[in-house]
Amino acid sequence: MSAPSRPTPAQTARLRTGGDHLRFANKLLQASDVAYGQGFLDEQEESLTLMGAATGLAWEKLPQCFERALKPAEKAKFLALLERRVFERIPTAYLVGEAWLGGLRFRVDERVIVPRSYFVELIPEAIPRWLPPIEQVKRVADVCTGSGCLAILLAKRFPQAKVDATDLSAPALEVAKLNVADHGEAKRIQLHETDTMTALLGGPKFDLILSNPPYEPEGIYRRLPAEFKKEPKNSLVSGKDGLDVIRKLLAQATELLQPHGVLVIEVGGLRDAMHQAWPKLPMLWLPTADGLDCVVLIQAADLRAALVKSPRAGRGR
Ligand SMILES: C[S@@+](CC[C@H](N)C(=O)[O-])C[C@H]1O[C@@H](n2cnc3c(N)ncnc32)[C@H](O)[C@@H]1O
């Protein structure tokens, strides 16, 4: 599909109400190459989100503008955002500066990937089932934290835990710091600029290590739609086979997990590659609503038994 042509002034002059503008946006998005999946499911969610940014209306109040004429400034802002989405392929979350995950709002911009992890389904119930009672969980790590969204969801779910959140990217950690402060968790979440968990080696051990690392192989990245390439490349790609960060994480988690602890990693399409790389390591695949089941849970004892001879293997910079 090729990109549609830019709307002409004559076309946009005919649009009056919020509803007119939304129908126009939906058609333009449908006729374009835009790809979804960066926090939004389809063109309707994206156009409503842009309308919220243009009118200042919260999501639940958007129907208020469906039948009324948009003010000139609202119209201009909506059409400008829409054009950037369709013709520059900027993700909607970056255009509006926010994304929602697990009912929480997170600031986002080009420094971080748009939050959309499967962990939002698993942090409430599935993961705690593998741990001591909630109030006994004292130390949790979010490795590759990006915007800090998962560290914050973990802090909310495990109210007695101290959360260590790591990322290699200083710009990403600046965004995480803002989100941690927004959600009132600066006292419990500590951010570390480090490769995987290197800065935490030798320190206290964890009940839970969770990670949504970059996991796309280089070759897959090259074929991604344009809006995904607007996200930081090191949020998505991890070497030739996608396993570079995961290799390091498995080795470091061997040292850093409590004996009763668990490691959970979102691995995208790498399930077969994981079994091939670690054939003796027991892996449990946690079910997710779309059936892709691409989050693996590994117990500390299994990791130690199956994996690393040198507990310090994988130490990075
Ligand atoms: C897929 S994003 C996940 C962000 C966030 N946890 C989420 O779910 O939205 C991966 C993150 O890993 C970071 N990263 C890449 N390589 C890393 C490494 N070797 N050590 C630590 N973080 C790394 C990137 O900067 C990026 O923020």
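Every chain is numbered independently, its residues counted from 1 as its sequence is written. The predicted nature of this model means local features are confined to residues of pLDDT at least 70 and side-chain atom pairs, given and counted, to a pLDDT of 80 or more, with totals for whole chains, interfaces and linings taken over all residues. Note that water and hydrogens are dropped before the side-chain values are worked out from all heavy atoms of the structure.

(A) How the structure looks around the environment of valine 120. Within the element layout of this structure, valine 120 appears in helix H6 (residues 119-122). Taking relative accessible area as the criterion, valine 120 reaches 25% and is therefore assigned partly exposed. As for valine 120 and proline 217, which are separated by 97 residues in sequence, their C-alpha atoms are 24 Å apart. Throughout, a contact is declared for two residues whenever any of their heavy atoms are within 4.5 Å. Setting aside residues no more than four positions away along its own chain, valine 120 makes contact with Leu101, Gly102 and Leu153. Helical segments are the DSSP runs of H or I of at least four residues, strand segments are the runs of E of at least two, and each set is numbered from the N terminus. Summary of the burial criterion: residues with accessible area below 20% of their type's maximum are buried, those above 50% are exposed, and those between are partly exposed, where the area comes from a 1.4 Å probe applied to protein chains only.

(B) The arrangement of the sheet that holds strand E3 (residues 139-143) in detail. Two strands qualify as a pair provided that DSSP identifies no fewer than 2 bridges between them. If you walk across this open sheet you meet the seven strands as E5-E4-E3-E6-E7-E9-E8, and the pairing is mixed. Bordering the open sheet on either side are strand E5 (189-193) and strand E8 (284-286), each of which pairs with just one other strand. Strand after strand, the sheet turns through a mean of 20 degrees between neighbouring axes, direction not considered. Two strands pair when backbone bridges link them, and strand E7 (residues 257-266) and strand E9 (residues 295-299) are joined in this way by five bridges, in the antiparallel orientation. By the bridge assignment for E9, valine 264 is matched with leucine 297. Here an axis means a line fitted to C-alpha atoms, over the contact stretch when the element is a helix, while the angle between two N-to-C directions is reported on a 0 to 180 degree scale. Of the strands in this sheet, E3, strand E4 (162-167), E5 and strand E6 (206-211) are in contact with helix H7 (residues 149-157), which crosses E3 at around 160 degrees. Against the sheet, helix H8 (residues 170-182) touches E4 and E5, its axis set at about 170 degrees to E5.

(C) Region of the structure containing the domain arrangement of the chain. We note that the domain assignment places domain 1 (9-96) and domain 2 (110-306) within the chain. Annotation comment: domain bounds sourced from an automatic or database domain assignment. The C-alpha centroid of domain 2 is placed 33 Å from the C-alpha centroid of domain 1. Of the residues lining the interface, 13 residues belong to domain 1; the matching set on domain 2 comes to 13 residues. Across the domain 1/domain 2 interface, buried area totals approximately 990 Å², and carbon plus sulfur atoms make up 60% of it. Three residues stand out in domain 1 for area buried against domain 2, namely Gln38, Arg89 and Tyr94, and they jointly supply 62% of the buried area on that side. Whenever a carboxyl oxygen of Asp or Glu lies within 4 Å of a side-chain nitrogen of Lys or Arg, that contact is scored as a salt bridge. Counting every contact that joins domain 1 to domain 2 gives two salt bridges. The shortest N-O distance in the salt bridge between arginine 89 and glutamate 227 comes to 2.7 Å. Identification of polar contacts relies on pairs of N or O atoms within 3.5 Å, with a donor-acceptor requirement for protein atoms, meaning one able to donate a hydrogen and the other able to accept it, and with residues adjacent in sequence counted only if both atoms are side-chain atoms. In this assembly, domain 1 and domain 2 are joined by six residue pairs in polar contact (both at pLDDT 80 or more). Secondary structure elements with two or more residues in the side of domain 1 that touches domain 2: helix H4 (72-88) and helix H5 (92-96). For this classification, the nonpolar set comprises Ala, Val, Leu, Ile, Met, Phe, Trp, Tyr, Cys and Pro, the charged set comprises Asp, Glu, Lys and Arg, and every other residue, Gly included, is treated as polar. For the side of domain 1 that touches domain 2, a count of residues per class yields seven nonpolar, three polar and three charged. The term buried area denotes the loss of accessible surface (1.4 Å probe radius) that occurs when two parts are joined, taken as the sum for both partners.

(D) Spatial organisation of the side chain of glutamate 43. Checked against the element boundaries, glutamate 43 lands in helix H3 (residues 43-55). Residues scored as positive are Lys and Arg, those scored as negative are Asp and Glu, and His as well as the terminal groups of each chain are ignored. Buried within the structure, glutamate 43 lacks any salt-bridge partner; arginine 85 is the closest side chain of opposite charge, at an N-O distance of 9.7 Å. If near-sequence neighbours (up to four positions away) are discounted, glutamate 43 is found in contact with Asn26, Leu29, Gln30 and Tyr36.

(E) The arrangement of the packing of helix H2 (residues 18-30) against H4 in detail. Closest axis-to-axis distance for the H2/H4 pair is 11 Å, and the angle between their directions is 10 degrees. Taken together, the axes of H2 and H4 lie roughly parallel to each other. Counting all contacts with H2, which are made through His21, Leu22, Phe24, Ala25, Leu28 and Leu29, the residues of H4 involved are Lys75, Phe78, Leu79, Leu82, Arg85, Val86 and Phe87. Class assignment for the residues of the contact of H2 with H4 results in ten nonpolar, one polar and two charged. Orientation labels follow simple angle bins: below 35 degrees gives roughly parallel, above 145 gives roughly antiparallel, 65 to 115 gives roughly perpendicular, and whatever is left gives oblique.

(F) Quick look at the packing of aromatic side chains. In summary, the pairing rule links any two rings of Phe, Tyr or Trp, Trp by its six-membered ring, whose centres are within 6.5 Å, and it sorts them by plane angle into stacked for under 30 degrees, edge-to-face for over 60 and tilted for everything else. Under the criterion given, the structure shown has zero aromatic pairs. Here, a charge over a ring is recorded when the distance from Lys NZ or Arg CZ to the ring centre is within 6 Å and its angle to the ring normal is within 35 degrees. If you follow lysine 229 out to its NZ or CZ, it ends over the ring of tyrosine 221, 5.7 Å from the centre.

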